[in-house]
Structure formats: structure tokens, C-alpha cells
Amino acid sequence: MFWRLLWKLLRGSGGRLAVAILSLVSCAMVVSALLNLEFDIEHKLTQEFRMLGANILVSPGNAQISGSGTAEVMNENEVSAAIAASKEPAVVAAAPFLYVVASAGKTPVVVAGTKLEELSKLEPAWRIEGDWNSSHDLPASCLVGRNVARKLLLAVGSPLRLTYLNESAQFTVAGIVDAGGTEDNQVFVGLAEAQSLTKLPGKISLAQLSVSGTSNSISKYAARLAAALPAYEVRPIRQITEAEGDLLNRIRLLIVSMVVLILVLTALCVLGTMAALAMERRQDVGLMKALGGSIGRIVALFMAEIGVLGAAGGFVGAILGVELSRWMGQRVFGTAISSRWEIFPLTIVLMVAVALAGALPLRLLGKVKPAVIFRGE
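These figures come from a predicted structure and were not determined experimentally.

If you had to explain the overall build of the chain to someone new, which residues and values would you point to?
Along the backbone of the chain there are 14 helices and 12 strands. Counting contacts in the chain only where the partners sit at least 6 residues apart, residues at least 24 apart contribute 80% of the total. On the chain, roughly 18,800 Å² of surface is accessible, and the fraction owed to carbon and sulfur atoms is 61%.

Here it is as C-alpha cells:
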């Protein structure tokens with residue numbers, strides 16, 4: 001009998017309830033999209049910040065002075081062993097660098113010796129002209145910054161001879177780097193070739209790491225690496241890690257604020273609809289009470305009605321919200337937001353709670369007196 005009455009109530013108030021369920025579906029759609037974005041925002045934001053390159057540096061600090069007395073250097077094997085020992089899935093890329101000012105003819109250029117195969121992972125935003133993927137493992141290949149290439153009139157395939165003190169080495173330009181920064185003024189060669197050219201075998205100037213995660217997790221990883229390398233200085237690049245953490249916190253605050261505001265507005269919309277519905281149902285309630293219906297059962301009937309509306313609105317809105325979150329991901333990050341199935345029960349629970357909060361006028365129907373209703377008052 002209870003379920004038959006519930007079905008009759010749902011069918012008999014279609015017009016009024018349509019407004020309530022429309023507001024619940026709209027609310028659920030936006031809320032589920034924002035929650036889906038909240039659950040995936042850290043991963044997407046981390047991917048975007050990794051495009052900026054390295055976020056942890058290992059530098060000499062108080063390390064030894066190189067044999068030429070021109071620059072501080074570090075032991076490559078020591079640094080590489082520490083990075084390998086503490087390497088986690090969060091470490092996207094790690095590359096040692098040896099910097100030196102060499103000469104290309106009569107023009108001084110900054111030469112950066114590194115593991116060239118790591119550059120594409122360390123600096124994914126770089127634009128490289130040339131078939132770099134098939135030639136970066138050649139021992140005599142190099143990358144040339146666009147400013148250096150323009151100054152020395154170099155193109156892909158051009159020969160480049162570098163001289164440092166009494167040593168020289170011949171390279172072939174495998175790619176032109178367009179990074180939009182100081183890298184455009186550098187020449188990138190293999191680490192072994194740079195060490196041979198400078199007669200600094202096993203030495204590096206610094207190491208760069210790209211580590212994914214929040215600013216706190218990056219700082220914790222840097223602290224562990226610093227403990228493994230006490231003679232060197234390990235530090236996160238604050239401009240990147242702090243900007244990432246600050247932006248993540250701001251976006252999360254915005255999402256939570258928007259969710260709360262939308263829930264409140266939806267509850268007010270449902271409240272107005274239920275107030276009008278309560279006035280229409282005073283006679284029905286008076287009749288049910290006159291026939292012996294208990295207040296608790298009558299209120300439970302109306303609460304079940306609004307609960308069904310909240311669950312239905314939450315389910316439909318959650319499905320639409322997943323599609324909305326995918327569209328938002330494409331517009332903001334250029335990739336779809338991953339769908340989280342936990343969004344569905346969470347959205348449904350929120351919509352049922354909002355619907356029940358907005359159904360306060362229906363609770364007041366329990367105070368209706370049958371005698372007053374039958375007298376037409």
C-alpha cells in the first residue's frame with residue numbers, strides 16, 4: 001500500500017515535481033563534473049607543470065673544484081647512484097649536465113654535455129627541428145639552440161667543430177632547439193663527449209630531475225635525496241613547486257566553494273517548490289489522518305517521494321556530469337578528465353540530502369488537523 005501511494009503521489013504532482021527534478025538534475029550535473037575534476041585535477045595539473053621541465057636541482061655546493069680551477073664539479077657516479085637508489089615512479093626524468101664555454105671557430109658558445117636521450121622526457125615542451133628521434137643516440141650528434149644556429153648559420157646536418165683549450169671535437173647537428181629560454185643559446189652534446197673535450201672524466205656540473213606530485217611530495221623527495229648526497233646541494237625549484245601547490249590549492253578552494261554554493265541554491269529551489277506542493281496536499285493529509293494514518297507514516301511517505309526524486313536527479317545528473325567534465329578537460333587541459341565511478345554514489349547521496357533539506361515544508365504537513373481541513377479552513 002505504501003508503494004502504491006508513493007507511485008500515485010509521483011504521478012499526481014508531475015508539474016510541480018518536474019521543476020524540482022529539473023533543478024536536481026542540473027545541480028547533479030555541475031556538481032558531479034566539478035567533483036570529477038577535483039579528483040583528477042592533481043594529476044592533470046602535475047602533467048601541465050612537468051611541461052616546464054626540471055623541478056629539482058643537484059648542484060655542487062661545497063664540492064671539490066675541478067682540475068682546471070674554473071668551475072665546481074660533482075662526481076657523476078656518486079650522484080647517479082644516489083638518484084638510482086632513491087628513484088621512484090614519481091621521477092619522470094633525471095639527467096646530469098656538464099657545462100663549459102667552448103669555441104666554434106672564433107665564436108664562444110655554451111656547451112652542455114648531458115644524456116641526450118633524457119632531454120625529451122626532461123623538457124617535453126621543447127620544439128626540436130630535425131629527425132632527432134632516430135639520430136640522438138649517434139656519438140657525434142648534437143643539438144643546437146636556435147640563436148646559436150642563426151649566429152653560426154647552422155642547419156640540420158651541418159658539421160660543428162667545438163674547441164676547448166687544446167682539445168677539439170667534431171659534431172653533426174641533429175636538431176635545432178626552440179625552447180624559448182637560455183637553452184636557445186646553448187649547444188647540447190653527449191655527456192661522454194663533453195667530459196672528453198674538457199678532460200673531466202666522470203665529472204658533472206649539476207643534475208636536473210623532473211619529479212611529479214604535489215609541492216609537499218616533491219620537497220620530501222628532495223629531502224631524501226639530500227640525505228643521500230650530504231656533500232652536495234639538493235633543492236627544489238621553488239618557482240615551479242610553490243606555483244604548482246598554490247595553484248592546486250586555489251583551484252580546489254574554487255571547486256569546493258562552487259559545489260557548496262550550487263547545493264545551497266538547489267536546496268532553496270526545491271524548498272520553494274515543496275512549499276507550493278505542501279499547500280496543495282493539506283486536504284490529502286487531512287483525509288489520511290482522518291482514516292487513521294499515523295503522522296510518522298504520512299511524513300515518511302512524503303520523504304520517500306522527495307528521496308526518490310533526489311536519487312533519480314542525482315543519477316541522471318551524474319551521467320551528464322561525466323560528459324561535462326570530459327568537455328571541461330578538453331577545453332582546459334587538452335585531454336579528457338578521467339571518469340571516476342565513485343562520483344555516482346557521492347552525487348546521488350548529495351542530491352538526496354539536498355532534496356530532503358529542501359523538503360522542510362512537507363514535514364509541516366504532519367501538524368495538519370483533519371477537522372480544520374474538513375471545515376474548509
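Read on, since the account is not over.
Go over the environment of A311 with me, naming the residues and quoting the values.
Considering the arrangement of structural elements, one finds A311 in helix α11 (residues 295-332). Take A311: its relative accessible area is 28%, and that puts it in the partly exposed class. With 44 residues separating them in the primary sequence, A311 and A355 have C-alpha atoms 9.0 Å apart. For A311, the residues in contact, after removing those within four places along its chain, are I348 and V352.

I'd like to hear about the packing of aromatic side chains, residue by residue, with values.
Counting across every chain of the model gives two aromatic pairs. With a centroid separation of 5.7 Å and 5° between ring planes, the pair formed by F97 and Y99 is classed as stacked. The exposure class assigned to F97 is buried, which follows from its relative accessible area of 2%. For the pair F315 and F344, a centre-to-centre distance of 6.5 Å together with 50° between the ring planes defines the contact as tilted. Of the two residues, F315 sits in helix α11 while F344 sits in helix α12 (residues 343-357), which places them 29 residues apart along the sequence.

Residues and numbers for the pattern of salt bridges, please.
All chains considered together, the criterion is met by five salt bridges. Put simply, D178 and R146 hold a salt bridge, and the shortest N to O gap is 3.0 Å. Of this pair, D178 sits in strand β8 (residues 167-178) while R146 sits in helix α6 (residues 146-152), and the two are 32 residues apart along the sequence. In this structure, R235 engages E233 in a salt bridge whose closest nitrogen and oxygen atoms are separated by 3.8 Å. Because the salt bridges share partners, they merge into one network encompassing R127, R146, D178 and D184.

Residues and numbers for the nonpolar core, please.
Counting residues in hydrophobic clusters, the biggest one holds 58 residues, and the most contacted among them are V58, V144, L160, L162 and L209. Here this core takes nine residues from strand β3 (residues 91-104), the largest share from any one element. Non-local contacts of V144, meaning those with residues more than four positions away in its chain, are made with A149, L154, L160, V173, G175, I176, V177, Q186 and V187. Residues A28, V270, I306 and L309 belong to the second largest nonpolar core, which totals 23 residues.

Just give me the short version of the side chain of S158, but keep the residues and values in it.
Counting through the fold element by element, S158 comes out in the loop between α6 and β7 (159-164). Non-local contacts of S158, meaning those with residues more than four positions away in its chain, are made with F171, T172 and V173.

Before we move on, can you summarise the pairing of strand β9 (residues 186-190) with the specific residues and values?
Along β9, five of the five residues are buried, which leaves the element largely enclosed by surrounding structure. Relative to β9, strand β4 (residues 107-114) is paired through five bridges, and the arrangement is parallel. For T114, the partnering residue across the bridge sits in β9 and is G190. In this structure, strand β6 (residues 141-145) lies alongside β9, joined through three bridges in antiparallel fashion. Each residue of the ladder has a partner; that of V144, found in β9, is V187.

Go over the confidence of the model for the chain with me, naming the residues and quoting the values.
Looking at the chain as a whole, its pLDDT mean stands at 76, while 68% of the residues score no less than 70. α6 holds the highest mean pLDDT among the elements of the chain, 92, whereas helix α14 (residues 370-374) holds the lowest, 49. Contacts from residues 63-70, a stretch scored under 50 in pLDDT, to residues over four places away or in other chains number 15 contacts.

Lay out the layout of surface pockets in plain terms, naming residues and giving numbers.
Its boundaries defined by the atoms lining it, the second largest pocket holds a volume of some 210 Å³. For the second largest pocket, the lining is made up of 14 residues, of which Y99, E123, T182, E183 and Q208 are closest to its centre. Among the elements of the structure, β3, β9 and β11 (206-211) are those that each provide at least two residues to the lining of the second largest pocket. Considered class by class, the residues forming the lining of the second largest pocket number nine nonpolar, three polar and two charged.

Let's hear about unusual backbone geometry: which residues, and what values?
You will see that L153, though not glycine, has its phi angle at about 55°, which is positive. When its relative accessible area of 74% is taken as the criterion, L153 is described as exposed. At L165, a position not held by glycine, the phi torsion is positive, near 55°. With respect to the element layout, L165 can be found in the loop between β7 and β8.

What counts as what
- Residues numbered from 1 in each chain as written.
- Predicted model: local features only at pLDDT ≥ 70, side-chain atom pairs only at ≥ 80, totals over all residues.
- Heavy atoms only, no water.
- Helix = DSSP H or I, 4+ residues; strand = E, 2+ residues; numbered from the N terminus.
- Contact = heavy atoms within 4.5 Å.
- Areas by Shrake-Rupley, 256 points an atom, 1.4 Å probe, with all protein chains shown as cover.
- Buried < 20%, exposed > 50% of the residue type's maximum accessible area, 1.4 Å probe, protein only.
- Phe/Tyr/Trp six-rings, centres within 6.5 Å; stacked < 30°, edge-to-face > 60°.
- Salt bridge = Lys/Arg side-chain N within 4 Å of Asp/Glu carboxyl O.
- Core = buried A, V, L, I, M, F, W, Y, C linked by side-chain atoms within 4.5 Å.
- Pairing = 2+ DSSP bridges.
- pLDDT = per-residue confidence, 0-100.
- 1 Å grid on protein atoms, 1.4 Å probe; cavity = no way out; pocket = protein on both sides within 12 Å on 5 of 7 lines; lining within 4 Å.
- Points joined across faces, edges and corners; volume = space filled by probe spheres on them.
- Nonpolar A, V, L, I, M, F, W, Y, C, P; charged D, E, K, R; others polar.

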